[in-house]
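Here is how the chains run, residue by residue.
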Amino acid sequence: MKLTAKVSMFLAAILGVSLCASLWVATLGDAKRQARRVDSDIRAALSKLASRCGLPVADGPRRGCLEAIGFMQAVTYPQAFSHAVLLDSGSRLLVHSDAERGGLGDNRRAFASDAYLRIAASADAGRPVTGLRLGAEVVDAYVEPLLADSGRVGTWIALYRSVGLEEARRAGLEAAGGRFVRAVVFSAAVAVLTGTCLVYFFLSPLEPILEASRRVAAGDLSYRIPEGRSDELGQLSAEFNRMTTALAELDELKDGFMAQITHDLRSPLSAMMTHLQLIAGGHRGPVSPEHREGLEVIARNSKSLAELIDNILDVTRLESGRAEFEPAALELEPAIREVTTLLKARADEYRVRLDTMILPGLSQVHADESAFRRLLTNLVSNALKFTPADGVITIKAHRGAPNEVVFAVSDSGIGIPKARLRGLFQKFSQVPETKNKVRPTGGSGLGLVICKRIVEAHGGRIWVESEPGSGATFSFTLPEAAPRG
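The structure displayed is predicted, hence computed values, not measured ones.

## Things to note about the nonpolar core
Core analysis: the largest hydrophobic core is formed by 46 residues, its most contacted members being Phe 372, Phe 407, Leu 424, Phe 474 and Phe 476. The element contributing the most residues to this core is helix H9 (residues 369–385), with eight residues. Other than its neighbours up to four places away in sequence, Phe 476 contacts Leu 375, Leu 376, Leu 379, Val 405, Val 406, Phe 407, Val 455, Arg 461, Ile 462 and Trp 463. Leu 46, Phe 81, Tyr 142 and Tyr 160 belong to the second largest nonpolar core, which has 18 residues in total.

Listed below in structure tokens is the structure:
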């Protein structure tokens, strides 16, 4: 997972948890307020009732009194309001909300029931009396005293069914919960969006640095990061560019030094090998068997040293871009046959069979002839080092993508450990697990680097597939014909 995704998720999680925690605290407060609002609404309605329907009451309930009772019933919760009564200071029932207008008659002089008296006596200012049984109902009672200059002159009692009030409170809690869920969803979206924007704002400037690191790691020391920022990331970009400039200068010095030193080594080495051949051929006098054996050792090691110098020079020219290729239409079968003929003596010595499989109808490739032979010779020679006796090396060629020929050199050798595959095309790379396991390998570790540079110079790519004990296959691509345009 990318760093931007990880940081985005982390910030989104932090923001989401923080917002949800804040919303949860707010929701708990809202739920408590919803529960208190039931009581406060009833208190407010009861106070309004008392102000509009006070004492004295004439024959029959006044119109304003009944209107106030209707208002009280309307502003409270459905199915919760039971009834309201008005007691005078003598505990007589003056008004009952169930009575029709003018229908109380002498009942208003009747004494209130014991239940009303107990409610009026036990009422606590600001708090309802809950869980009272009044007939077949369990009710909550709210009491509002009627006051005058002379003191308390009456009492209003409003009764609400306990079940209805509980449902009203629960409805308030559910409404608060619904708002909480909607707020959480919205907060999560805001958290993800905010986290993503913050991460993009702070980490997007790292993309050019990451790209530069990849390019430099791949060997492109000419790449530079665009500058222009004045913050720490701008300073980092400038330092990175200075570092790559210094590396490019060092690499150029190294290439020049390697080219010079190998060139200086080649001339005396050539002279030594020429005189060695003259001595071994008896042109400088008789050579004893003991001397001849020593001369063969010198000749063998001189040849290895010459190959190393040639490889270093080739790699230096390829990396510096001084190697010149002249791609042209190259007949495949003769070119491959030339390589197999060159290596057949060594293959016979190792008792390894060389096979060729070219797709019918595939006759040519667009490549430099000498570079192609060098490329194929390196890969087959490398396969011969790790293929035991009675093994097989197969050179295959077939079409891949449009205008692409895919070549594969497969062997039935000991294979390559997977952990070593990534570094095979690096300079001086060796595989300790397979070195000298089949036969003495030798080599400078530059052959595959040369192959890679040749393939890339022709616009192709090269890769390897292998399983330990099951051989290896080195594949590369070259254009079938000259690119158009």
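## Description of the environment of Ile 393
In this structure, Ile 393 sits in strand S9 (residues 392–399). A relative accessible area of 0% places Ile 393 in the buried class. Residues Ile 393 and Ala 383, 10 residues apart in the sequence, show an inter-C-alpha distance of 7.1 Å. If we ignore the near neighbours within four places in the chain, the residues touching Ile 393 are Val 352, Arg 353, Leu 354, Asp 355, Val 380, Ala 383, Leu 384, Thr 387, Val 409, Ser 410 and Asp 411.

## Thoughts on the packing of aromatic side chains
This model, assessed by the stated rule, comprises five aromatic pairs. A ring pair is formed by Phe 81 and Tyr 160, whose centres lie 5.3 Å apart and whose planes are at 70°; its orientation type is edge-to-face. Of this pair, Phe 81 sits in strand S1 (residues 81–88) while Tyr 160 sits in strand S5 (residues 151–161), placing them 79 residues apart in sequence. Each member of the pair, Phe 81 together with Tyr 160, is buried. Measuring from centroid to centroid gives 5.8 Å for Tyr 142 and Tyr 160, while their planes differ by 85°, and the two rings are edge-to-face.

## A look at the sheet that holds strand S11 (residues 462–466)
In spatial order, the strands read S7-S9-S10-S12-S11; together these five strands make up an open sheet with mixed pairing. In the strand order of this sheet, the two ends are held by strand S7 (353–358) and S11, each with one partner. The sheet shows a mean angle of 15° between the axes of neighbouring strands, taken without regard to direction. Bridging between S9 and strand S10 (residues 405–411) involves seven bridges; their strand directions are antiparallel. Note on S10: the bridge partner recorded for Arg 399 is Val 405. Lying on the sheet, H9 is in contact with S7, S9, S10 and strand S12 (472–478); it crosses S12 at an angle near 175°.

## Overview of the side chain of Thr 155
Relative to the helices and strands, Thr 155 resides in strand S5. According to the relative accessible area criterion, Thr 155 is buried, its value standing at 7%. Excluding residues that lie within four positions of it along the chain, Thr 155 makes contacts with Val 85, Leu 86, Leu 87, Ala 120, Val 143, Glu 144, Pro 145 and Leu 146.

## Regarding the confidence of the model for the protein
Summarising the model, the protein shows a mean pLDDT of 77, and 74% of its residues fall at 70 or more. Of the regions scoring below 50 in pLDDT, residues 57–61 engages in 12 contacts with residues more than four places distant in sequence or in other chains. Confidence over residues 100–109 falls short of pLDDT 50; this stretch has 21 contacts with residues more than four positions distant or in other chains.

## With respect to the sheet that holds strand S3 (residues 129–134)
In a beta sheet, neighbouring strands pair by backbone hydrogen bonds and run either parallel or antiparallel. As summarised here, the arrangement of the five strands in space is S2-S1-S5-S4-S3, forming an open sheet in which the pairing is antiparallel. Edge strands, defined here as strands with exactly one partner in the open sheet, are strand S2 (93–96) and S3. The mean inter-strand angle of the sheet, taken between neighbouring strand axes irrespective of direction, is 30°. Here S1 runs beside S2; their pairing, made up of three bridges, is antiparallel. For Leu 87, the partnering residue across the bridge sits in S2 and is Leu 93.

Conventions and cut-offs
- Per-chain numbering applies: the sequence of each chain, read as written, is numbered from 1 onward.
- The predicted nature of this model means local features are confined to residues of pLDDT at least 70 and side-chain atom pairs, given and counted, to a pLDDT of 80 or more, with totals for whole chains, interfaces and linings taken over all residues.
- Side-chain numbers come from the whole structure's heavy atoms, not from hydrogens or water.
- As used here, the term nonpolar core means buried Ala, Val, Leu, Ile, Met, Phe, Trp, Tyr and Cys residues forming a set that is joined through side-chain atoms within 4.5 Å.
- Working definition: with a 1.4 Å probe on protein chains only, accessible area under 20% of the residue-type maximum means buried, over 50% means exposed, and in between means partly exposed.
- Secondary structure is summarised from DSSP: a helix means a run of H or I of at least four residues, a strand means a run of E of at least two, and numbering begins at the N terminus for each.
- What makes two residues a contact is simply this: any of their non-hydrogen atoms within 4.5 Å.
- Planes of paired rings set the category: under 30 degrees apart is stacked, over 60 is edge-to-face and the rest tilted, where pairs are Phe, Tyr or Trp rings (Trp by its six-membered ring) whose centres lie within 6.5 Å.
- Criterion used throughout: strands pair if DSSP finds at least two bridges between them.
- Helix axes are fitted to C-alpha atoms over the stretch in contact, other axes to C-alpha atoms as well, and angles between N-to-C directions run from 0 to 180 degrees.
- On a range of 0 to 100, pLDDT expresses the predictor's confidence in each residue.

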